[in-house]
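Survey of secondary and tertiary structure
Read off the chains here:
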Amino acid sequence: MTTMTTRTVEYPADGLTMIGHLALPAGADRRPAVLLGPEGMGLSDVERRRADALAELGYVALAFDLHGGRYLGAPEEMLARCLPLLADPDRMRGIGHAALDVLRAEPRTDPDRIAAVGYGTGGAVGLELGRDGVSLRAIGTVNATTTGRPGEAARIRCPVWAGVGSEDPIMPPAQRDAFTAEMQAAGVDWRLTVYGGALHAFHHPPVDHPTVPGVGYHPQHARRAWRDVVDLLAECLPLTEDPGQGPVRSVPRPGMCVPQP
């Protein structure tokens, strides 16, 4: 474990002033970086803790904002904003690019070594950055087996990992099949992990407000999904690279740095 620091960053996107959470590892050298996207409710302490955990592993991590500093706990309000957003790839890309610009501008970030990891709507934003041809080392999503405009997945230039609950009614089998068919047709290096018995947002600790139907926390699969994310980063975004031999994997121990509710 290393000591990390954090700060709040403000930046414009989607006609709003976004408020992100930047976590920096110890030291002064450039490090690989992770763009971290939240569920549709918006940036919360859950994503901030995940960014902090990534910084403790040695990554620069930016947990980006979706709603101009607001957390949309009321399902009706969240759906009213997120459904039009999810239907508009260009808006999602705009939100993603704005956050990515902030992450790239951070002096600690190695701009050539960035991955996007996102949950729900934040995962869809990461996928749209890939479909827009952004140079990323990896894209990881949970609860975001979203499809894009025809043919644009061929512009994805990195491995894609997706995790989803087997009982997720928001990302049901038909949606998963459409996503994997899109990735396969585009020649993407893709993987899909289905977590048995898990609902939508199974990774997110219980909240003290109403949620949309089909949401439920699954602690065991939440830990597994986090380890899968960390393993993806260890494979595709190693903390060190040997110029003569290529990437040197830095594999965390199982359960290491798992953010706790």
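Residues numbered from 1 in each chain as written. Predicted model: local features only at pLDDT ≥ 70, side-chain atom pairs only at ≥ 80, totals over all residues. Heavy atoms only, no water.

**A few points about the side chain of D168**
Defined as follows: Working definition: helices are DSSP H or I runs of at least four residues, strands are E runs of at least two. Numbering for both runs from the N terminus. Polar contacts, as counted here, are pairs of nitrogen or oxygen atoms within 3.5 Å of one another; within protein the pair requires one atom able to donate a hydrogen and one able to accept it, and residues that are adjacent in sequence qualify only if both atoms are side-chain atoms. Whether two residues are in contact is decided by their heavy atoms, any of which lying within 4.5 Å being enough.
Looking at the secondary structure, you find D168 in the loop between β7 (160-165) and α5 (173-185). A distance of 3.1 Å separates a polar side-chain atom of D168 from the backbone nitrogen of M171. Here the side chain of D168 touches H200 through a polar contact of 2.7 Å, side chain to side chain. D168 has contacts with N143, A198, L199 and H200, leaving out every residue within four places of it along the chain.

**What to know about the UniProt feature "domain: Dienelactone hydrolase" (unreviewed entry) in the protein**
What counts is decided by this rule: UniProt positions are given in the numbering used here, feature names are shortened, and annotations may be inferred rather than shown by experiment.
Per the UniProt annotation, the sites labelled "domain: Dienelactone hydrolase" (unreviewed entry) are residues 20-235. Between the end C-alpha atoms of residues 20-235 there is a gap of 26 Å, over a span that is 38% helix and 20% strand.

**Points about the packing of aromatic side chains**
The condition that has to hold: Any Phe, Tyr or Trp ring, taking Trp's six-membered ring, that has another such ring centre within 6.5 Å forms a pair; planes under 30 degrees apart are called stacked, those over 60 apart edge-to-face, and the others tilted. Burial classification: accessible surface area is computed with a 1.4 Å probe over protein chains only, and a residue below 20% of its type maximum counts as buried, one above 50% as exposed, and the rest as partly exposed.
The final tally for this structure, using the stated rule, is one aromatic pair. Relative to F202, the ring of Y195 lies with its centre 5.0 Å away and its plane at 45°, an arrangement referred to as tilted. Taking relative accessible area as the criterion, Y195 reaches 4% and is therefore assigned buried. You can call F202 buried: its relative accessible area is 0%.

**Observations concerning the pairing of strand β4 (residues 60-63)**
Let me state the cut-off plainly: Orient the strands so they point away from the viewer; a crossover is then right-handed if the path from the first strand over the helix to the second runs clockwise.
Because side chains alternate across β4, one face comprises the buried residues V60 and L62, and the other comprises A61 and A63, equally buried. Handedness of the crossover joining strand β3 (residues 31-37) and β4 through helix α1 (residues 45-57) is recorded here as right-handed.

**Let's talk about the packing of helix α2 (residues 75-86) against helix α3 (residues 89-105)**
Selection rule: To obtain an axis, a line is fitted to C-alpha atoms, over the contacting stretch when the element is a helix, and the angle between two such axes runs from 0 to 180 degrees between their N-to-C directions. Orientation categories follow fixed angle ranges, with anything under 35 degrees roughly parallel, anything over 145 roughly antiparallel, 65 to 115 roughly perpendicular, and all other angles oblique.
At a closest axis distance of 6 Å, the pairing of α2 and α3 adopts a crossing angle of 100°. Viewed along their axes, α2 and α3 adopt a mutual orientation that is roughly perpendicular. Between α2 and α3, the contacting residues are R81, P84, L85 and L86 on the first element and R91, M92 and I95 on the second.

**Examining the pattern of salt bridges**
Short version of the rule: A pair is scored as a salt bridge if a Lys or Arg side-chain nitrogen falls within 4 Å of a carboxyl oxygen belonging to Asp or Glu.
Applying the stated rule across the entire model yields 17 salt bridges. With a closest N to O distance of 2.4 Å, E152 and R93 form a salt bridge. Separated by 59 residues along the polypeptide, E152 in the loop between β6 (139-142) and β7 and R93 in helix α3 bring together distant segments of the chain. For the pair E152 and R93, a shared accessibility class is recorded, and that class is buried.

**Quick word on the layout of surface pockets**
Keep this limit in mind: Cavity: a set of points on a 1 Å grid over the protein atoms alone where a 1.4 Å probe fits but cannot get out. Pocket: an open set with protein on both sides within 12 Å along at least five of seven lines, its lining residues, like those of a cavity, having an atom within 4 Å of a point. Grid points are joined across faces, edges and corners, and a volume is the space filled by probe spheres set on the points. Gly is put with the polar residues, along with every residue not named as nonpolar or charged; the nonpolar set is Ala, Val, Leu, Ile, Met, Phe, Trp, Tyr, Cys and Pro, and the charged set is Asp, Glu, Lys and Arg.
Counted as a void, the largest pocket has a volume near 470 Å³. As for the largest pocket, its lining consists of 32 residues, and the residues nearest its centre are E39, M78, H200, V212 and V215. Those elements giving two or more residues to the lining of the largest pocket turn out to be α2 and α4 (121-131). Along the lines of polarity and charge, the residues of the lining of the largest pocket split into 20 nonpolar, 11 polar and one charged.

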